[in-house]
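Chain by chain, the residues run as shown.
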Amino acid sequence: MTAQGRREDDSPIAEDRKAERTPLPKLQLLIVFLIQFAEPVTATVIYPFVNQFVRETGITGGDETKTGYYAGIVESTFFFSETLTVFAWGWLSDLLGRRPVLLLGPLGLSLAMLGFGFSTTFWPLVFFRAFQGLFNGNIGENSVGVSKSVLAEITDSTNIGDAYALAPIMWSVGLTIGPTLGGVLSSPASRWPETFGRIPFFHHHPYFLPCAAAAFIAFASFFISSIALKETLPASRRAKLSSLWRRDGKKRNDARDDATTPLLTDATSDHYATVAVVESGIPIPVKEEKRPPLSQLFVPSFVITIANFGLLAFVDMSMSALIPLVYSTPIEYGGLGMDPLQIGTIMGTFSILNGVFSGLFLGSLIRRYGTLSIYQMGIFSFFVVIAGFPVGNALARRAGGIDAFVHLVVVIQFLAMGAIYPCYASMMLMVIQNTPSKLLLGSANGAAQMVTSGSRALAPAIASSLFSLSIQRNLLGGYAVYYIFVVLTAVVIRVSRYLPSPPLEQETASQ
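What counts, and at which threshold
Residues numbered from 1 in each chain as written. Predicted model: local features only at pLDDT ≥ 70, side-chain atom pairs only at ≥ 80, totals over all residues. Heavy atoms only, no water. Helix = DSSP H or I, 4+ residues; strand = E, 2+ residues; numbered from the N terminus. Buried < 20%, exposed > 50% of the residue type's maximum accessible area, 1.4 Å probe, protein only. Contact = heavy atoms within 4.5 Å. Areas by Shrake-Rupley, 256 points an atom, 1.4 Å probe, with all protein chains shown as cover. Phe/Tyr/Trp six-rings, centres within 6.5 Å; stacked < 30°, edge-to-face > 60°. Salt bridge = Lys/Arg side-chain N within 4 Å of Asp/Glu carboxyl O.

Trainee: So what exactly am I meant to see when it comes to the overall build of the chain here?
Mentor: From N to C terminus, the chain includes 22 helices and 0 strands. Within the span of the chain, comprising 511 residues, buried residues form 58% of the whole. When contacts within the chain are restricted to residue pairs at least 6 apart in sequence, long-range pairs at least 24 apart make up 82% of them. Carbon and sulfur atoms form 67% of the exposed surface of the chain, whose accessible area is close to 20,400 Å².

This is the structure:
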C-alpha cells in the first residue's frame, strides 16, 4: 500500500468517509461549548497581570528574581487542586449524569474569580486559585473532562472529528477574551483616572475589575446552561449506578422531568445515537449493560495514551507559564520587559487566529491524516517555541528594547504554539479510541484529565523556578531552562512512537 493511501486510511473515522456524515446537534454543541468557554476565560484572565500582582503583594521582598517562584506557586495550585478532584468528577458524572456535574463548574468558577480579585496578599491568591481548580476539573476543554464525555455521547463515528475540531474555537476565543480582559481592565484607577480613579476601591483592588468580568462570563454560562443543557447519560445507566447508593433511585427516575430527559440512548453497540434522538430527546428502550470495573480501564493502550497526554500537557503548560513570565521580566533579567496590556493583546490576538484555523481546517486534517500523525507532527513545534525565548531576549539586549526583529520572533513563536493546538484534539480522540468500554467513558476522561492536570500542577512551578534559577546563578548564560526543555521535548517525541495506531490503521497494516 502506498504512503498516500496509508495517510488517507489513518483517520479515526475513515471507514465512514464514503457515507454521509450525520449532522451535528448544533444546540447542544453550543451549550457544551458555552460551558467550556468559562474555563479559558477564568484561567487566562490573570496571565497579563499575575506576575505584577505577586510583586505587589510584597511576598518577593522586592527581589525580582523571586517573582517566578511565587507566580509558579499560584499557577501550580490551580492544577494541583484540579488533579485531586478531576477523577472524582468523571466518576460522579457516570453515577449521577453529566448535567448536574457540568453545571457546578461555571458556578464555582464565578465565585472563585471574585475571591481572587478581592485578594490583597499572596496566600489568599493561592487559596482562590486552588478553589478555581476544584471547579475547573469537571469542564476541562484544553484537558479532557466531563464535557468531553458529552461531546462523545452526542456524536457518532461520522461526525465526532468535526465536533472535536470545533471545540478549540471556544478555547481560542476564551484565550483571546481572557488575556484581553486581564490586560485592558487591570489597574483601572491609573488607566482611567477621571472615572475609576475617583473610586477608592479600585486603588486598593487594582485587579478586581478583570476578575469580576471573568466571573460574570462564568455565571452567564451557568445560567444559560441550566436552562438549555440536556442530559446525555442514558437513564438506565443512571438508575443502575445510583441504586448503589440511593434506595429510592427507582422512584426518583420515575419522577424525572423534561430537564433531565436523556438526550441520547445506546441505539447501537457501535454508535452512541442518531441525530434524530439528539434533537428530539425522545427516550428509546435500551438494553442494559453491566458496567465493567474501573480496573478494566487501565489496559496498556489506554495507559500509553494518557501518559503521552500528560507529557504533552507538561511541556505545553511550561511554555504557557514561561510566555507571560519572560515577556514581563525586564530585559536585563532575561525577558522582554512588556507591560500587561502588551502581553494580553499579543496572547489574545494569536489565540483567536488559532481558533479560526482550527474551526476551518482541523476537522478535515484529522480525517485526512489521522489523529496519530497530527499529534506526532505537531509536537515538533515545541522546538521553535523554546528557541524563541533566548533569541528574543538576545535581540532585545542588542537593540536596547523591543524592535521589529523581536516582534518577528514573537510572531514566529506564537505561530509554532498554534501548531500545538491540534495535538490536543488528536489526544482527546485517542483517549476515546483507546477506552476499553464506552460505559467507562466518564471515568476514562476523568483519568486522562487527572494525568494532564497533574502535569499542569507541576509545570508552572518547575518552569518558572528553572527560569529564576537560571538567571540567579547565570547557568549557561541564564538560558539553562531552555536547554532542559529541548531535551524534554525530545523525550516527548520519542515516547509518542509508542502510541497505538488508530483502529483502521492497524487493520490496514495487517493486510
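Trainee: I would appreciate a short explanation of the environment of Ser358 in the present structure.
Mentor: Position of Ser358 relative to the elements: it lies in helix 16 (residues 340-369). For the pair formed by Ser358 and Ile169, sequence separation is 189 residues and the distance between their alpha carbons is 6.5 Å.

Trainee: In this structure, what is going on with the packing of aromatic side chains? I would like to understand it.
Mentor: The geometry of an aromatic ring pair is captured by the separation of the ring centres together with the interplanar angle, meaning the angle of the planes. Per the counting criterion, the structure on display carries 23 aromatic pairs. Geometrically, the ring pair formed by Phe49 and Tyr207 is stacked, given 4.8 Å between the ring centres and 15 degrees between the ring planes. Linking Phe49 in the loop between helix 2 (26-44) and helix 3 (50-57) with Tyr207 in the loop between helix 10 (200-204) and helix 11 (208-228), this pair joins segments that are 158 residues apart in sequence. In this pair, the class of Phe49 matches that of Tyr207, namely buried. When the ring of Tyr327 is compared with that of Phe414, the centres are 6.3 Å apart and the planes differ by 55 degrees; the resulting orientation is tilted. One end of the pair, Tyr327, is in helix 15 (residues 300-328); the other, Phe414, is in helix 19 (residues 404-433), with 87 residues separating them in the sequence. The buried category is assigned to Phe414, whose relative accessible area is 7%.

Trainee: Would you explain unusual backbone geometry in this entry?
Mentor: As a rule of thumb, non-glycine residues mostly have phi less than zero, and peptide bonds are mostly trans rather than cis. A positive phi angle, near 50 degrees, is found at Ser187, a position not held by glycine. Along the polypeptide, Ser187 turns up in the loop between helix 8 (160-185) and helix 9 (188-191). One non-glycine residue, Leu476, lies in positive phi territory at about 50 degrees. Taking the relative accessible area as the measure of exposure, Leu476 reaches 58% and is therefore exposed.

Trainee: Honestly, the pattern of salt bridges in this entry has me stumped. Any pointers?
Mentor: A side chain of one charge can pair with a side chain of the opposite charge if their charged atoms are brought near each other. Counted according to the given criterion, the structure contains 1 salt bridge. Between Arg198 and Glu194 there is a salt bridge; the shortest N-O distance is 3.1 Å.

On their own, these measurements won't tell you what the molecule is for.
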